[in-house]
Amino acid sequence: MAARWRRILMIFVAAQVLFVVNTLEEEDVPEEWILLHVVQGQIGAGNYSYLRLNHEGKIVLQMRSLKGDADLYVSDVTLHPSFDEYELQSVTCGQDVVHVPAHFRRPVGIGIYGHPSHLESEFEIKVYYDRTVVQYPFGEASYNPEEMEANQKYSKSTEDESREEESVFWTILIGILKLILEILF
């Protein structure tokens, strides 16, 4: 009789463990997120795998390393982001999440890096469209971090262009002066 109760208790405990594990694996995703794609892949240690994101709007990339440790790098400047060149990153040992702002130029480059601590890494990326609306408590004239970041990028690029023009001007001027000095002496 005791063996029967022990067996029933073991089955009950096993069922509870499976229930807890299944609820932990299910991700809590806000209702405003719409699943667009699910991508699974493998990557060797120290290597990159590249994806291209063409969807407009706010996008959420959620990557889970199924085996090993894969890291996520995102850029709107290059289609081949790396740990040296990226705009957004997530390099955790667990779940990696990156929020791609709506103002990023498309296509957006996504780089998945296989960490050298494992010979091979397996990953799963879920791509969500985030349709949450930003509420402005003081109207649209209030601070918008995404808009400010876009304006800063624009001002930096115009500043860099003016420096490049100035540099070209000085290079030409110095070349002409050297030429005049060679002719005179």
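Our subject in this report is the structure included herewith. Position numbers for residues count from 1 along each chain, tracking the sequence in the order it is written. Only residues with pLDDT of at least 70 are given local features in this predicted model, and only at 80 or more are side-chain atom pairs given and counted; all residues enter the totals for whole chains, interfaces and linings. Hydrogen atoms and water are omitted, and side-chain values are computed over all heavy atoms in the structure.

Re the sheet that holds strand S8 (residues 120–130)
Next up, step 1: Strands are labelled as partners when DSSP assigns at least two bridges between them. Segments assigned H or I by DSSP are reported as helices when at least four residues long, segments assigned E as strands when at least two residues long, and all are numbered from the N terminus. Pairing is antiparallel in the open sheet, where 4 strands are placed in the order S1-S8-S3-S6. In the strand order of this sheet, the two ends are held by strand S1 (33–44) and strand S6 (96–100), each with one partner. In this sheet, neighbouring strand axes are inclined to one another by 20 degrees on average, regardless of whether the strands run parallel or antiparallel.
Next up, step 2: Alignment of strand S3 (residues 59–67) against S8, held across 8 bridges, turns out to be antiparallel. Considered in S8, the bridge of Ile59 is made with Tyr129. Between the N-to-C directions of two axes lies an angle of 0 to 180 degrees, each axis being a line fitted to C-alpha atoms and, for a helix, fitted only over the stretch in contact.

Re the sheet that holds strand S2 (residues 48–53)
Next up, step 1: If you trace the 4 strands from one edge of the open sheet to the other, you get S2-S7-S4-S5, paired in antiparallel fashion. Looking at the sheet topology across the chains shown, the edges are occupied by S2 and strand S5 (88–90). Within this sheet the neighbouring strands show an average axis-to-axis angle of 20 degrees, counted without direction.
Next up, step 2: Pairing between strand S4 (residues 70–75) and strand S7 (residues 108–114): 6 bridges, direction antiparallel. Paired with Tyr73 across the strands is Gly111, a residue of S7.

In short, the description is geometric, and any link to function would need to be established separately.
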